[in-house]
Amino acid sequence: MMENYDFIVIGGGFTGAVLAYELIKTGVTVLLLEKDPNLDNATRYSYGGLAYWLATSETSHETAKKGREYHRNLSQELDADTEFREVNLLLTIDKNCDSNIILNNYQYFITKPDLLTVKEACELEPLLNPDAISGVLRYNHGHINPLKTTQAFQQAFLRLGGKIYYEDVRELITANNTIQGVKTQENSYFSAHTIVCAGWLTRKIFQQLGVNLKLYYTYEQVITVTQSNINLQTQVMAAASQRLILEQEAGKLESQWDKMGNELLPRIIDTGAIQFKNGHLCLGQVTQIFPNSQAKIDLKGSEKIIRQSIAKILPSLANLIGTCHNCLVAFTPNSQPLIGKIGDLNGIYAFSGFTSTLLLAPPLAKEFASFLTKNFED
Ligand SMILES: Cc1cc2nc3c(=O)[nH]c(=O)nc-3n(C[C@H](O)[C@H](O)[C@H](O)COP(=O)(O)OP(=O)(O)OC[C@H]3O[C@@H](n4cnc5c(N)ncnc54)[C@H](O)[C@@H]3O)c2cc1C
């Protein structure tokens, strides 16, 4: 089969689905290629948080505000329930830490958190263990069901005439430094514009072209609980999160990536929990950095670590029956997404490596789609 499209999007996770949807809205033809019909990807295991507050510059603060507006109207626009709601995010401060020192670490965010006493925090979240914390930082936060939202983008994309094929992109069709399309196991598809939204595999796809992106990946382990009597009112996370620091450090070890080898840095645990509207819970999360994608993960060990740390903060959740999963998540060491042309290659673009993906990817997909399609207007 040989087909031609204005745009090919590789990857049907959250980033690919929103970009494909924003492209098709402009009236161009779009093919979305996804290798896994079950979407067993980073999006599936995500907490679903919309971190309105995570911006450190006026520009990212403006994008975050656009993201909030985007999500507020999205269920109506897509004619499907994304389960959007506003929640309190409680960032717990360990009982041995000085709340004011931790609060000070948040001064470089444009939106400052409220510092709550233990009593105030437990009023908002009665499941918190008052003996484990010295206080809590509170933010207004948003929440969606990331998988449902991705599927809703895909359905809306199909209704507008987009095509989704479940095929694995194996090769890029290249001539004279220009990408002309892609090859899957059975088919070739042609387009003057191929956009890579392949999560952690974005790194591998560009490596085929001889480009080493400054985009890496973490291994993330999380426990999902489908049935319980728990009623968690808030999203709970650690105020002294270590994941972003780990990502910065991992980016400095470029020469060690893509080689066989052990964990690059010691694993970390950021204790967190969120309950979805349907009652489903996510408990997490262990982050590990290996230099390649073949690492064997000790899921039992990670499950034990997550349960031990949850037992301190939210004791009633620690022994819920659940399953520990692992997935790989793309990141860039400077927390800036890769959007646009890469190097001097023509016909290929990246849209990947976001921090706060669920909030920021939609407004940036809208802008990127508008930029890419302006030459298609009559
Ligand atoms: C435990 C956990 C909690 C998180 N919490 C949050 C949160 O609260 N808020 C937030 O904003 N983010 C959160 N994230 C991060 C967020 O979930 C991810 O950044 C986001 O889902 C990534 O989307 P993506 O489309 O880039 O990647 P993915 O969801 O991994 O999708 C990439 C897709 O590309 C496909 N693909 C790859 N290569 C090919 C190929 N060659 N051919 C065809 N298809 C291909 C894959 O099959 C996959 O479906 C969390 C992540 C985890 C693991």
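Here the structure is a predicted model, which is why all the values come from computation and not from measurement.

Student: What should I look at first to understand the overall build of the protein in this one?
Tutor: Counting its regular elements, the protein contains nine helices and 19 strands. By the compact-globule yardstick of 21 Å for 378 residues, the protein fits well, its C-alpha radius of gyration being 21 Å. Principal axes of the C-alpha set define a box for the protein whose edges measure 65 × 50 × 40 Å. When each of the 378 residues of the protein is scored for burial, the buried share is 55%.

Student: What's the story with helix α9 (residues 357-373) in this structure? I'm lost.
Tutor: In an α-helix there are 3.6 residues to a turn, and that puts residues three or four apart on one side. Spanning 17 residues, α9 covers 23 Å between terminal C-alpha atoms, matching the ideal 24 Å at 1.5 Å per step. Within α9, 12 of the 17 residues are buried, leaving the element largely enclosed by the surrounding structure. Of all the positions in α9, only Leu 358, Leu 359, Leu 360, Ala 361, Pro 362, Pro 363, Leu 364, Ala 365, Phe 368, Ala 369, Leu 372 and Thr 373 are classed as buried.

Student: Quick question: what am I supposed to make of the domain arrangement of the protein here?
Tutor: Size of an interface, as often reported, equals the accessible area lost when the parts are brought together. Structurally, the protein comprises domain 1 (2-82 + 146-214 + 335-376) and domain 2 (98-140 + 216-331). Across the interface of domain 1 and domain 2, roughly 2500 Å² is buried in total on both sides, 64% from carbon and sulfur atoms. It is Tyr 47, Trp 53 and Trp 200 that lose the most area in domain 1 upon contact with domain 2, and together they represent 35% of the buried surface on that side. Where domain 1 meets domain 2, there are two salt bridges.

Student: What is the right way to read the layout of surface pockets from this model?
Tutor: In this approach the atoms are scanned with a rolling probe the size of a water molecule, which exposes any empty space left behind. Each pocket or cavity is described by its volume, and for the second largest pocket that value is around 400 Å³. If you trace the second largest pocket, you find 19 residues lining it, with Thr 92, Asp 94, Ala 238, Thr 271 and Ile 313 closest to the centre. Elements with a contribution of two residues or more to the lining of the second largest pocket: β5 (85-94), β15 (265-275) and α8 (299-313). Class assignment of the residues belonging to the lining of the second largest pocket gives a composition of 10 nonpolar, five polar and four charged.

Student: Where do I start with the site of the ligand in this structure?
Tutor: As a structural note, the neighbourhood of the ligand is formed by 32 residues, with Thr 15, Glu 34, Thr 43, Gly 49 and Thr 357 the closest of them. Within the contact set of the ligand, an oxygen atom lies 3.1 Å away from a side-chain nitrogen or oxygen of Ser 46. At 3.0 Å, a backbone N or O of Val 169 approaches a nitrogen atom of the ligand. Relative to its unbound accessible area of 1000 Å², the ligand is 91% covered by the protein chains. Of all the secondary structure elements, the ones that give two or more residues to the shell around the ligand are α1 (14-24), α6 (201-208), β13 (216-225), β17 (323-331) and α9. Residues that form the shell around the ligand fall into these classes: 15 nonpolar, 12 polar and five charged.

Student: What am I meant to see in the sheet that holds strand β11 (residues 188-191) here?
Tutor: Here we have four strands laid out as an open sheet, ordered β1-β11-β10-β9, and mixed in their pairing. Of all strands in the sheet, those with a lone pairing partner are β1 (2-5) and β9 (169-175), marking the two edges. Strand after strand, the sheet turns through a mean of 25° between neighbouring axes, direction not considered. Across four bridges, β1 lies against β11 in parallel orientation. Residue pairing across strands places Asn 4 opposite Phe 190, the latter belonging to β11.

Student: What should I look at first to understand the packing of α1 against helix α2 (residues 58-78) in this one?
Tutor: Packed helices, taken two at a time, are described by their axes: the angle between them and the distance between them. Close contact between α1 and α2 brings their axes to 15 Å; oriented N to C, the two are set at 65°. Put simply, α1 runs roughly perpendicular to α2. In this structure, α1 meets α2 at a crossing whose hand is left-handed. Where α1 abuts α2, its residues Phe 14, Val 18, Tyr 21 and Glu 22 lie against Tyr 70, His 71, Glu 77 and Leu 78. Looking at the contact of α1 with α2 residue by residue, the class counts come to five nonpolar, one polar and two charged.

Student: Can you help me understand the packing of aromatic side chains in this one?
Tutor: Any aromatic ring pair is given by two values, namely how distant the centres are and how the planes are angled relative to each other. Going through the model one piece at a time under the given rule, you end up with 20 aromatic pairs. When the ring of Tyr 349 is compared with that of Phe 368, the centres are 6.2 Å apart and the planes differ by 75°; the resulting orientation is edge-to-face. On the criterion of sequence distance, the pair formed by Tyr 349 in strand β19 (residues 348-352) and Phe 368 in helix α9 is long-range, its members being 19 residues apart. Considered together, Tyr 349 and Phe 368 belong to a single accessibility category, that of buried residues. Between Phe 368 and Phe 371, the ring centres sit 6.5 Å apart and the planes meet at 10°, which makes this aromatic pair stacked. Of the two residues, Phe 368 and Phe 371 both sit in helix α9, three residues apart, roughly one turn of that helix. For Phe 368, a relative accessible area of 6% translates into the label buried. Residue Phe 371 is classed as partly exposed on the basis of its relative accessible area of 48%.

Parameters and conventions
- Residues numbered from 1 in each chain as written.
- Predicted model: local features only at pLDDT ≥ 70, side-chain atom pairs only at ≥ 80, totals over all residues.
- Heavy atoms only, no water.
- Helix = DSSP H or I, 4+ residues; strand = E, 2+ residues; numbered from the N terminus.
- Rg over C-alpha atoms; globule rule 2.2 N^0.38 Å.
- Buried < 20%, exposed > 50% of the residue type's maximum accessible area, 1.4 Å probe, protein only.
- Expected span 1.5 Å × (residues − 1).
- Domains from an automatic or database assignment.
- Buried area = accessible area lost by both parts, 1.4 Å probe.
- Salt bridge = Lys/Arg side-chain N within 4 Å of Asp/Glu carboxyl O.
- 1 Å grid on protein atoms, 1.4 Å probe; cavity = no way out; pocket = protein on both sides within 12 Å on 5 of 7 lines; lining within 4 Å.
- Points joined across faces, edges and corners; volume = space filled by probe spheres on them.
- Nonpolar A, V, L, I, M, F, W, Y, C, P; charged D, E, K, R; others polar.
- Near = heavy atom within 4 Å.
- Polar contact = N/O pair within 3.5 Å; in protein donor to acceptor, adjacent residues only side chain to side chain.
- Areas by Shrake-Rupley, 256 points an atom, 1.4 Å probe, with all protein chains shown as cover.
- Pairing = 2+ DSSP bridges.
- Axes fitted to C-alpha atoms, helices over the stretch in contact; angles between N-to-C directions.
- Parallel < 35°, antiparallel > 145°, perpendicular 65-115°, else oblique.
- Left-handed = near helix turned anticlockwise from the far one by under 90°.
- Contact = heavy atoms within 4.5 Å.
- Phe/Tyr/Trp six-rings, centres within 6.5 Å; stacked < 30°, edge-to-face > 60°.

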